[in-house]
Amino acid sequence: MDLNPIEEAWRSAAALVAELGRGLAGSCVQDGRFDRRRFDALQPESLAFARLLAEQEAAGCMVRYARGQGAYERALTGVYVARFVQAVVCAWRFRGPSFGVPSEHAALPALEAFVASSFRTPGLVDAAKALLARTRDLAGASALEEDHVSIRETFARFADERVAPLAEEIHRHDRQIPEDLLQDLAALGVFGISIPEEYGGSFIDHLTMCLATEELSRASLGAGGSVITRPEICAKAILKGGTEEQKRLWLPQIAAAERVISVAVTEPNAGSDVASVRVTAKPVEGGYVINGEKTWCTFAGRADVFCLLARTGGPDEGHKGLTLFLVEKPPTFPGPDEHHFRHTQEEGGVVEGHAIPTIGYRGMHSYSVTFEDYFVPNANRIGAEGDGFVLQMQGFAGGRIQTAARAVGVMEAAFRKAVSYAQERRVFGQPLASFSASSAKLVEMAAVLQANRQLCYEVARMMDEGKGDMEASLVKLLSCKDAEWVTREAMQLHGGMGYSEEYAVSRYWVDARVLSIFEGAEEVLALYVVARQALRALAEA
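The following paragraphs examine the structure supplied in this document. (Residues numbered from 1 in each chain as written. Predicted model: local features only at pLDDT ≥ 70, side-chain atom pairs only at ≥ 80, totals over all residues. Heavy atoms only, no water.)

**Notes on the nonpolar core**
Then step 1. With 139 residues, the main nonpolar core has Y80, V85, I401, F415, L442 and L535 as its most contacted residues.
Then step 2. If one sorts the elements of this core by residue count, helix α13 (residues 436-464) sits on top with 15 residues.
Then step 3. With near-sequence residues (within four places) excluded, L442 lies in contact with L131, L132, F415, A418, V419, A422 and L493.
Then step 4. Ranked by size, the runner-up nonpolar core spans 25 residues in total, among them I254, V263, V265 and L326. (Core = buried A, V, L, I, M, F, W, Y, C linked by side-chain atoms within 4.5 Å. Buried < 20%, exposed > 50% of the residue type's maximum accessible area, 1.4 Å probe, protein only. Helix = DSSP H or I, 4+ residues; strand = E, 2+ residues; numbered from the N terminus. Contact = heavy atoms within 4.5 Å.)

Written out as structure tokens, the structure is:
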């Protein structure tokens, strides 16, 4: 397959996205400045623009990826770029005036012809035949270097041998991760995968972290890949704002899982709006006392340390009044009482947590946690008073790329099950996979999966160079929503059995749903991290 027309279509569509952005940015300007109220009045358009930016980045990754790959990978690239181009054409044709541009453009007819030719059924069926003939890398080659291939295989073996056999039991019965599995994960180095070796960790690069997360999430989102998230968020905050003494005390313990972390940021009335945190930390002799309620504290029962964001300043100080603390408590091990904990300090302070029932993402439980005059020593404050928001955001940036890798792992699991079932299941006397509708669906699933994977890998490499914060938000935004679609289509290919807990594909679907909610809710991430930043830059250019 000739890659030149695909690349040309991508570049032409990307130019249209830039024009849409300039038009939308112009609509957000008042008195020569970017205006928040005008921006908020155009939230639907801004959401669509953020999605287009994410798809544009992924399509570009696919074009670069395909240059060194074979015919099958190039076919998938053509399909994904066509999906992106179709989205751009639809935005321009039907929503152009809302973006501040006319609904017609000279480039549209050629792009529409490209989309039509890319989605012709014979071409999709041919690509599906190549897919079904493969015995590995069903969504195409990974394009990894040899060292990273070896790393990926190590985590894949562990995922298959240790995590996958427990995944259904944990999910169906809402169990906590068994302690022996937790210790085996620690021995594998996953808790220190974001911590430098000088502090007892096993950090190699961000791509290694993504590969480990992807493979473990393929086996289980809640009991596999997600165990990496909390220690990573906390470690990055300590590395950014902790003293050398704090780094040498806490980081080796986190890396060895001697101290298990739960992140306590979200509150009943402060989710994505982190600056609205109300839990207070009041100075007392020797430290602080914490009062208030946190919610969605994942792994809070088993954890013996909260990475907690609290207000040390006044409510009117916003994010500048927030401070980060490491708050200790005894762990609650797996067993009959794992859904509830309560601890009273010698000083009389109390911390109590109750697990929140969830439809998926099981293995660590997420808790509502209340603190009543709970004492924290000065030595457990990370950074100065008022530094908490910045330090927490440092941790969340790494959490976003890691969450994208979790989404890729869930997509891979669902896609493998979909291909296997479509080959085995016979309908009207022939395999489900032999029908052209099934073939087209599988090819689009493969294209979406590979595009998200390549974008995730590219952003990981950027982060190793000290870049990629915006791109991490883009890949998180894209991959989490796409994971919902891929797992939904995998379930649909299973028919009625997909709705049964007898098949793991139902677990993938309910697990995927949480991905667009945590680590930056989809709408907040799209509007206030991606779109606002991009549109402000265009308005000020």
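Further notes follow.
**Quick notes on the pattern of salt bridges**
Then step 1. All told, the structure shown has 34 salt bridges when counted by the stated rule.
Then step 2. Residues R93 and E112 are paired through a salt bridge, measuring 2.7 Å at the closest nitrogen-oxygen approach. Pair noted here: R93 is in helix α4 (residues 71-95) and E112 is in helix α5 (residues 108-118), with a separation of 19 residues, a long-range link.
Then step 3. Take R93: its relative accessible area is 21%, and that puts it in the partly exposed class.
Then step 4. Assessed through its relative accessible area of 31%, E112 is described here as partly exposed.
Then step 5. Linking R513 and E484 is a salt bridge whose minimum nitrogen-to-oxygen distance equals 3.2 Å. With R513 in helix α15 (residues 505-515) and E484 in helix α14 (residues 469-493), this residue pair connects regions lying 29 residues apart in the sequence.
Then step 6. A single salt-bridge network, built from bridges that share partners, covers R152, D160, E214, E215, R218, E412, R416 and R453. (Salt bridge = Lys/Arg side-chain N within 4 Å of Asp/Glu carboxyl O.)

**Examining the pairing of strand β9 (residues 350-355)**
Then step 1. Of all six residues in β9, five are buried, a share of seventy percent or more.
Then step 2. Here strand β8 (residues 340-344) folds back onto β9, and the loop between the two strands holds five residues, one of which, G348, carries a positive phi near 105°.
Then step 3. As judged from the six bridges shared by β9 and strand β10 (residues 366-377), these two strands associate in the antiparallel manner. In the strand pairing of β10, E352 is matched with T370. (Pairing = 2+ DSSP bridges.)

**Brief notes about the layout of surface pockets**
Then step 1. Its volume calculated, the second largest pocket comes out at about 380 Å³.
Then step 2. Lining the second largest pocket are 19 residues, with R136, D137, R152, E215 and R416 positioned closest to its centre.
Then step 3. Elements that contribute at least two residues to the lining of the second largest pocket include exactly α7 (146-172), α9 (206-219), α12 (388-424) and α13.
Then step 4. Classifying every residue of the lining of the second largest pocket by side-chain character gives five nonpolar, four polar and ten charged. (1 Å grid on protein atoms, 1.4 Å probe; cavity = no way out; pocket = protein on both sides within 12 Å on 5 of 7 lines; lining within 4 Å. Points joined across faces, edges and corners; volume = space filled by probe spheres on them. Nonpolar A, V, L, I, M, F, W, Y, C, P; charged D, E, K, R; others polar.)

**Focus: unusual backbone geometry**
Then step 1. Unusually for a residue other than glycine, D137 sits at a positive phi of about 45°.
Then step 2. A positive phi angle, close to 70°, is found at F299, a residue other than glycine.
Then step 3. With respect to the helices and strands, F299 occurs in the loop between β5 (287-298) and β6 (305-311).
Then step 4. Among the residues examined, F299 registers a relative accessible area of 3% and is labelled buried.

**Concerning empty space enclosed by the protein**
Then step 1. This structure, assessed with the given rule, holds three cavities of 30 Å³ or more.
Then step 2. Taken as a whole, the largest cavity holds about 50 Å³ of empty space.
Then step 3. What lines the largest cavity is F191, V227, R230, P231, I254, R259, V260, I261 and F299.
Then step 4. Split into classes, the residues belonging to the lining of the largest cavity amount to seven nonpolar, no polar and two charged.
Then step 5. Taken as a whole, the second largest cavity holds about 40 Å³ of empty space.
Then step 6. Lining the second largest cavity are A167, I170, H171, S220, L221, G222, R362, R507 and D511.
Then step 7. Split into classes, the residues belonging to the lining of the second largest cavity amount to three nonpolar, three polar and three charged.

**Overview of the side chain of S118**
Then step 1. Here S118 shows up in helix α5.
Then step 2. By relative accessible area, S118 is classed as buried at 17%.
Then step 3. The contacts of S118, once residues within four sequence positions are left out, are G78, A82 and L124.

**Side note on the environment of L455**
Then step 1. For L455, the location among the structural elements is in helix α13.
Then step 2. Of the residues examined, L455 reaches a relative accessible area of 2% and is grouped as buried.
Then step 3. Taking the C-alpha atoms as reference points, L455 and D180, 275 residues apart in sequence, are found 34 Å from one another.
Then step 4. Filtering out sequence-adjacent residues up to four positions away, L455 remains in contact with A54, E57, A58, C61, V475 and L478.

**Concerning the state of the cysteines**
Then step 1. What the rule picks out here adds up to zero disulfides.
Then step 2. Of all cysteine sulfurs, the one in C307 lies closest to C297, which takes part in no disulfide; the gap is 11 Å.
Then step 3. Judged by relative accessible area, C297 falls into the buried class, the value being 0%.
Then step 4. There is no disulfide at C456, and the cysteine sulfur nearest it, in C210, is 3.8 Å away.
Then step 5. Relative accessible area serves as the criterion here: at 2%, C456 is assigned to the buried category. (Disulfide = S-S within 2.5 Å.)

**Let's talk about the packing of helix α3 (residues 43-66) against α14**
Then step 1. Relative to each other, α3 and α14 sit at 95°, their axes nearing to 9 Å. Considering the angle they form, α3 stands roughly perpendicular to α14. Facing α3, whose interface residues are A50, R51, L53, A54, E55, E57 and A58, α14 presents L474, L477, L478, K481 and D482.
Then step 2. Residue composition of the contact of α3 with α14, grouped by class: seven nonpolar, no polar and five charged. (Axes fitted to C-alpha atoms, helices over the stretch in contact; angles between N-to-C directions. Parallel < 35°, antiparallel > 145°, perpendicular 65-115°, else oblique.)

**Details of the environment of D160**
Then step 1. Inspection of the secondary structure assignment puts D160 in helix α7.
Then step 2. Given the relative accessible area of 41%, D160 is considered partly exposed.
Then step 3. Separated by 55 residues in sequence, D160 and E215 place their C-alpha atoms 8.8 Å apart.
Then step 4. Beyond its immediate chain neighbours, meaning those up to four positions away, D160 contacts P165 and R218.

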